[in-house]
Amino acid sequence: MNKLRFLSIASGSSGNSYYLGNSEYGILIDAGVGPRVIKKRLKEIGVEMDRLFAVFVTHDHYDHIKSVATLGEVYHLPVYSTAKVHRGIAFNCKVTEKLSPANKRLIENGATVEVKGFKVSSFSLPHDASDNTGYVVEYEGLTFTFATDLGEVTDQLCNYIGKSDYLLLESNYDETMLKNGSYPYVLKQRVASNHGHLSNAEASKALATFASNRLKQVFLCHLSKENNTPDLAFQEVSNALNTTTEVTVLPRTTPLLVDLK
Ligand SMILES: [Zn+2]
Ligand SMILES: [Zn+2]
């Protein structure tokens, strides 16, 4: 069995990027930090850039796509996302380098592609981007679900939570901190809406209801710097889950490497 490793390169509103790979190669989910950071973090775990075989993009907010064009044009990585997200990336004025058609790959929500033994299925998530995608990655019997930047938990996501061995789930804000915090009213409404972000309470509820005994570890991602703390997120989700599931809060800007069992 070729064991998998998961590396969180960065997680939060200042950049998101995750690596999932075996001992030889892997894929990226999102590329929202600079290409040099991605290269450095991968090198630290012994992975050169030519060992990457694809990047799957969740949505076209800048904290998820910063390096997408460089990964395509310089490193010749195929960049997968929906047609709407590709259009959103093309028109995003913060992305100065553009992705050429040769490096664009379409994966519409509901589709499955296989890249070097990684079977990746996509599903729709509600968020205020051009489109937003969750990914379920299956590899040698392990199922790892990625769900970030979502206003609410959908039936489809609940179904995937029940079938996952590993789960990356947004736990963006504490509802009281958001309510009492310094964000302008309109922004508070945006974050809390069903096309905004997922709160600790919403993540906990979904996990308490739908996580199965199969779930080994949940990675809480995209925590707000202003409206959450790692301790609050950890406590709320841990209280909701059974004792066999490990809860890990992903750091915002420092890497975290986990060997998957
Ligand atoms: Zn984001
Ligand atoms: Zn977003």
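Only a predicted model underlies this, so the values are computations on that prediction, with no experimental measurement involved.

A. Highlighting the coordination of the zinc ion (ligand 2). Donor atoms from the polypeptide that bind the zinc ion (ligand 2) are His59 (NE2), His61 (ND1), His127 (NE2) and Asp149 (OD), placed at 2.2 to 2.4 Å. Here the zinc ion (ligand 2) is ringed by four donor atoms whose angles at the metal span 89 to 170°, and the overall shape comes out irregular. Site description for the zinc ion (ligand 2): donor spacing in sequence, H-x1-H-x65-H-x21-D. Here the zinc ion (ligand 2) and the zinc ion (ligand 1) are spaced 3.4 Å apart, linked through Asp149, which binds each one. Highlighted residues: His61 in the loop between strand E4 (52-56) and helix H2 (62-65) and Asp149 in the loop between strand E10 (142-147) and helix H5 (155-163), separated in sequence by 88 residues.

B. Layout of the sheet that holds strand E9 (residues 133-139). Pairing within the open sheet is mixed, and its seven strands lie in the order E7-E8-E9-E10-E11-E12-E13. Of all strands in the sheet, those bounded by a partner on one side alone are strand E7 (112-115) and strand E13 (246-249). Going from strand to strand, the sheet's axes swing by 20° on average, the running direction of each strand aside.

C. Quick peek at the sheet that holds strand E6 (residues 104-106). The strand order E6-E5-E4-E3-E2-E1-E14 describes an open sheet built from seven strands, whose pairing is mixed. Strands at the two margins of the open sheet, each flanked by one partner only, are E6 and strand E14 (256-259). Ignoring which end each strand starts from, the neighbouring axes of this sheet average 20° apart. The sheet strands contacting helix H1 (residues 35-44) are strand E1 (5-10), strand E2 (17-21), strand E3 (26-29) and E4, and the helix crosses E1 at an angle near 145°.

D. Representation of unusual backbone geometry. Phi at His76 takes a positive value of approximately 55°, unusual for a residue other than glycine. The topology assignment puts His76 in the loop between helix H3 (68-73) and strand E5 (79-81). Here the phi dihedral of Lys116 falls at roughly 50°; this positive angle occurs in a residue that is not glycine. In this fold, Lys116 is placed in the loop between E7 and strand E8 (118-124). On the basis of relative accessibility, which here comes to 42%, the residue Lys116 falls in the partly exposed class.

E. Here's a closer look at the packing of helix H8 (residues 200-210) against helix H9 (residues 230-240). Here H8 crosses H9 at 25°, and the two axes come no closer than 8 Å. Here H9 runs roughly parallel to H8, going by the angle between their axes. In the packing of H8 onto H9, the handedness of the crossing is right-handed. Facing H8, whose interface residues are Asn200, Ala201, Ser204, Leu207 and Ala208, H9 presents Leu232, Ala233, Glu236, Val237 and Ala240.

F. Structural view of the coordination of the zinc ion (ligand 1). Protein ligation of the zinc ion (ligand 1) involves Asp63 (OD), His64 (NE2), Asp149 (OD) and His222 (NE2), the donor distances falling in the range 2.1 to 2.3 Å. One can describe the site at the zinc ion (ligand 1) as irregular: its four donor atoms subtend angles covering 92 to 169° at the metal. You can call His64 buried: its relative accessible area is 0%.

Definitions and cut-offs
Residues numbered from 1 in each chain as written. Chains lettered and ligands numbered in written order. Predicted model: local features only at pLDDT ≥ 70, side-chain atom pairs only at ≥ 80, totals over all residues. Heavy atoms only, no water. Donors = N, O, S within 2.8 Å, 3.2 Å for Na, K, Ca; no water. Tetrahedral: all angles 85-135°; square planar, octahedral: opposite > 155°, others 65-115°. Helix = DSSP H or I, 4+ residues; strand = E, 2+ residues; numbered from the N terminus. Pairing = 2+ DSSP bridges. Axes fitted to C-alpha atoms, helices over the stretch in contact; angles between N-to-C directions. Contact = heavy atoms within 4.5 Å. Buried < 20%, exposed > 50% of the residue type's maximum accessible area, 1.4 Å probe, protein only. Parallel < 35°, antiparallel > 145°, perpendicular 65-115°, else oblique. Left-handed = near helix turned anticlockwise from the far one by under 90°.

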